[in-house]
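Okay, here's what each chain looks like letter by letter:
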Amino acid sequence: MKADARLRIGVDVGGTKMEGIVLDGGGEVLEVLREPTPAESYEDVLTALGGLIAALQRGRRLKVGIGTPGALAMPGEVIKNSNSTRFNGRPLKRDIEQRLGYGVRMENDANCFVLSEALYGAGKGCRSVFGVIIGTGTGGGLVIDGKLNTGPNQIAGEWGHNCVPANVRQSLAGDRVCHCGRVNCIETVLCGAGLRRTFIESGGPDTDAGEIARLAGAGDGRAAACIELYCRQLAQCVATIVNMIDPEMIVFGGGLSNIESIYQLVPQMLPEYVFTDRPRTRISAPSFGDASGARGAACLWRLDEATAGC
């Protein structure tokens, strides 16, 4: 059976939910389905993922792209570095292909996010776009000339597991051990748990990142100071991206990207740390929010490829 022209399926597989869409050739979402990600077993995830794709197919055989936490380790194409640990060491791509009977494309969810924003969202029209994820973890992805750049190790954009710059380390009360086993990764400062720890170290109560942002907005002095420090740490870390890659646009995603002061303070602070007098890199909130992952997964197939038979 031939694929319907220019239609593609994208699925974002998260730790708690899966979102699937049908995307048309103009970047419009025609259908959305959401299902909880089964917590019981890997096999249950496969079954639920296959069912979600089948529901979106509706008897058609459309190209399928899938975004997942973690990355594909080569050459065996098994998942590594996923916060949803039941995926780690599993050949998710190969297993879902066996269930469908044809090939799919699969990428890290941060890569799907930036591809969506570069092609249809905040970075549309920019030659180079770096996507920054600040949420449960800290990740990223790079699109140049409309194409995703992953590198030979499939880890391009994984800036969250570089060591923090020295000026960020000076602002910490002590070393922070990352879940990857290293010490003082950028993720340990910029993820939600990192912001929470910074607030506790400043004398604040043990609360989550969303509440810290709410308190800051309500005029709590300690919370406001913590958010300002977080924005400075973010600017210091983002400066390493600008100095290395010099992208036209940086788009923030993830739960902490909803902190409104980021888009005021980080651009103000960035010139202190970038190796030029007036950095021209623009910083933006995402156009599609949580929906970027599924949209970007669909975009793993180009339009000309979507019209080819599966």
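Further up the page is the structure itself.
Description of the structure in this document.

**Concerning the packing of helix H6 (residues 192-201) against helix H8 (residues 221-245)**
Inference 1: Two elements in contact, H6 and H8, have axes separated by 10 Å at closest approach and are oriented at 130°. What the angle tells us is that H6 and H8 run oblique. Like other packed secondary-structure pairs, H6 and H8 cross with a definite hand, here right-handed. Within the contact between the two elements, H6 uses Leu 195, Thr 198 and Phe 199 and H8 uses Arg 222, Ala 223, Cys 226, Ile 227, Leu 229, Tyr 230 and Gln 233.
Inference 2: For the contact of H6 with H8, a count of residues per class yields seven nonpolar, two polar and one charged.

**What about the sheet that holds strand S1 (residues 8-13)?**
Inference 1: In space, the five strands of this open sheet follow the order S3-S2-S1-S4-S7, with mixed pairing throughout. Each edge of the sheet is formed by a strand with only one pairing partner; in this case those strands are strand S3 (29-36) and strand S7 (105-108). If you compare each strand with its neighbour and ignore which way they point, the axes differ by 15° on average.
Inference 2: As defined by bridge partners, S1 adjoins strand S2 (residues 17-23) across six bridges and the pair is classed as antiparallel. Looking at S2, one finds that Asp 12 is bridged to Glu 19.
Inference 3: Of the strands in this sheet, S1, S2, S3 and strand S4 (63-68) are in contact with helix H1 (residues 42-57), which crosses S2 at around 25°.

**Some points on helix H9 (residues 262-269)**
Inference 1: Those residues of H9 that fall on the buried side of the exposure criterion are Ile 262, Leu 265, Val 266 and Met 269. One face of H9 carries all of its buried residues, which in axial projection span an arc of 95°.
Inference 2: Tucked into the core, H9 has its buried residues touching strand S8 (128-134), H8, strand S11 (249-253) and strand S12 (282-284).

**A word on the packing of aromatic side chains**
Inference 1: Overall, the coordinates contain one aromatic pair when judged by the stated rule.
Inference 2: Just above the ring of Trp 301 sits the side chain of Arg 105; from NZ or CZ to the centre is 3.9 Å.
Inference 3: A cation over a ring is seen here: Arg 295 above Phe 288, with NZ or CZ 3.8 Å from the ring centre.

**Details of the environment of Thr 198**
Inference 1: Mapped onto the fold, Thr 198 is located in helix H6.
Inference 2: For Thr 198, a relative accessible area of 8% translates into the label buried.
Inference 3: A sequence separation of 102 residues divides Thr 198 from Ile 96, and the C-alpha atoms of the two residues are 41 Å apart.
Inference 4: Sequence-distant contacts of Thr 198, that is, excluding residues within four places in its chain, are made with Arg 176, Cys 226, Leu 229 and Gln 233.

**Digging into H1**
Inference 1: The first and last C-alpha atoms of H1 sit 23 Å apart over 16 residues, in line with the 22 Å expected at 1.5 Å per residue.
Inference 2: Among the residues of H1, those classed as buried are Tyr 42, Val 45, Leu 46, Leu 49, Gly 50, Leu 52, Ile 53, Leu 56 and Gln 57. One side of H1 carries all its buried residues, which in axial view fall inside an arc of 160°.
Inference 3: Next to the buried residues of H1 lie S1, S2, S3, S4 and helix H2 (92-100).

**Digging into the side chain of Thr 150**
Inference 1: Take Thr 150: it is sitting in the loop between strand S10 (147-149) and helix H4 (166-169).
Inference 2: Sequence-distant contacts of Thr 150, defined by excluding residues within four places in its chain, comprise Glu 107, Asn 111, Ile 155 and Ala 156.

**Describing the environment of Ile 259**
Inference 1: You can see Ile 259 is positioned in the loop between S11 and H9.
Inference 2: Discounting chain neighbours no more than four positions away, the residues touching Ile 259 are Leu 195, Ala 213 and Ile 227.

**Here we look at the pairing of S2**
Inference 1: When you tally the buried positions in S2, you get six out of seven residues, the bulk of the element.
Inference 2: Where S1 folds back on S2, the antiparallel hairpin that results is connected by three residues.
Inference 3: Once S2 ends, the chain turns through five residues before running back antiparallel as S3, passing Gly 27 with a positive phi of about 85°.

About the criteria used
- Residues numbered from 1 in each chain as written.
- Predicted model: local features only at pLDDT ≥ 70, side-chain atom pairs only at ≥ 80, totals over all residues.
- Heavy atoms only, no water.
- Axes fitted to C-alpha atoms, helices over the stretch in contact; angles between N-to-C directions.
- Helix = DSSP H or I, 4+ residues; strand = E, 2+ residues; numbered from the N terminus.
- Parallel < 35°, antiparallel > 145°, perpendicular 65-115°, else oblique.
- Left-handed = near helix turned anticlockwise from the far one by under 90°.
- Contact = heavy atoms within 4.5 Å.
- Nonpolar A, V, L, I, M, F, W, Y, C, P; charged D, E, K, R; others polar.
- Pairing = 2+ DSSP bridges.
- Buried < 20%, exposed > 50% of the residue type's maximum accessible area, 1.4 Å probe, protein only.
- Arc of directions from axis to C-beta.
- Phe/Tyr/Trp six-rings, centres within 6.5 Å; stacked < 30°, edge-to-face > 60°.
- Lys NZ or Arg CZ within 6 Å of the ring centre and 35° of its normal.
- Expected span 1.5 Å × (residues − 1).

All quantities given are derived from atomic positions and should not be read as evidence of function.
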